[in-house]
Amino acid sequence: MLAFFLATFAPASKRAARFFYLAKIRAAVQGAVPVTTQFDGAVRAQSGCRLKMGAHCRLGCSVFFETAQNGSITLGSHVRINTGCVIVSYTEVTIGDDCLIGEYVSIRDADHGHYAGDLIRKQDHVSKPINIGSDVWIGRGAVILKGVSIGSGSIVAANSVVTCDVPALTVVAGIPANVIKKREPS
């Protein structure tokens, strides 16, 4: 009896949940979230977030998108963003096709001003665009900071902090991230 119930009603329940998450994020953002988007759970977006997604993206539970000032976030097609990731843009964050982003990654194109003589919390944000090429794998817990470009086919190791550009087909790791090796053809 349980098997019959699961076979009959569970797929419909999953479809209903997916459409609920889709409707909720579409209501929050200014941009495009295709019907092909998959959800592993609830995804949050700041109201009015400027977000444009390509087809067949998959978002993990508790992914969070936010834009401020003139910021925008653009995801290519077939992008996988895992549980707990935070993407915040004051200028522009662009992520190419076929990227894999591990759990709890932080991608932020701005940080607080930190000049002496004024409280940090009162200072304007300083922002520079982030560009992540296609077929990039960013490991769990990595941090991508403002002004960084990550070339296509690159890998960012888990828990790395990327503070400067990463060439295409390069593996980086560490705090701050340094080049470990170049990717070789199989």
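Note that this is a predicted model, so its numbers are computed, not measured. (Residues numbered from 1 in each chain as written. Predicted model: local features only at pLDDT ≥ 70, side-chain atom pairs only at ≥ 80, totals over all residues. Heavy atoms only, no water.)

1. So, the environment of S149
Within the element layout of this structure, S149 appears in strand β18 (residues 149–150). Its relative accessible area of 31% is what places S149 among the partly exposed residues. Each C-alpha atom of the pair S149 and A23 lies 32 Å from the other, and the pair is 126 residues apart in sequence. Setting aside residues no more than four positions away along its own chain, S149 makes contact with N131, D165 and V166. (Helix = DSSP H or I, 4+ residues; strand = E, 2+ residues; numbered from the N terminus. Buried < 20%, exposed > 50% of the residue type's maximum accessible area, 1.4 Å probe, protein only. Contact = heavy atoms within 4.5 Å.)

2. Things to note about the environment of G117
Examined against the element boundaries, G117 turns out to sit in the loop between β13 (110–112) and β14 (125–127). By relative accessible area, G117 is classed as exposed at 88%. Linking G117 and V86, residues 31 residues apart in sequence, is a C-alpha distance of 30 Å.

3. With respect to the side chain of T170
Locating T170 in the fold gives a position in strand β21 (residues 170–173). Judged by relative accessible area, T170 falls into the buried class, the value being 1%. At 3.0 Å, the side chain of T170 and the backbone oxygen of P167 are in polar contact. A polar contact of 3.1 Å, which involves the side chain of T170, links it to the backbone oxygen of A168. Non-local contacts of T170, meaning those with residues more than four positions away in its chain, are made with G153, S154, I155, V179, K181 and K182. (Polar contact = N/O pair within 3.5 Å; in protein donor to acceptor, adjacent residues only side chain to side chain.)

4. What to know about the pairing of strand β4 (residues 49–53)
Residues of β4 alternate between two faces, with C49, L51 and M53 buried on one and R50 and K52 left unburied on the opposite face. Pairing of strand β1 (residues 29–32) with β4 involves four bridges; the strand directions are parallel. Directly across from Q30, in β4, lies its bridge partner R50. Sheet topology places β4 next to strand β7 (residues 73–75); three bridges connect them, and they run parallel. When the sheet's bridge partners are listed, K52 is paired in β7 with T74. (Pairing = 2+ DSSP bridges.)

5. Overview of the sheet that holds strand β15 (residues 130–132)
If you trace the six strands from one edge of the open sheet to the other, you get β1-β4-β7-β10-β15-β18, paired in parallel fashion. The open sheet terminates on both sides in strands that have one partner only, identified here as β1 and β18. When β7 meets strand β10 (residues 93–95), the two strands line up parallel, connected through three bridges. Pairing of L75 across the sheet is with I95, part of β10.

6. Things to note about the packing of aromatic side chains
A full pass over the atoms with the stated rule returns two aromatic pairs. For the pair Y21 and F39, a centre-to-centre distance of 6.1 Å together with 55 degrees between the ring planes defines the contact as tilted. Here the residue Y21 occupies a position in helix α1 (residues 2–28), and F39 occupies one in strand β2 (residues 38–39), the gap between them amounting to 18 residues. The class for F39 is buried, based on a relative accessible area of 11%. The ring of F19 has R18 lying over it, and the distance from NZ or CZ to the ring centre is 4.7 Å. (Phe/Tyr/Trp six-rings, centres within 6.5 Å; stacked < 30°, edge-to-face > 60°. Lys NZ or Arg CZ within 6 Å of the ring centre and 35° of its normal.)

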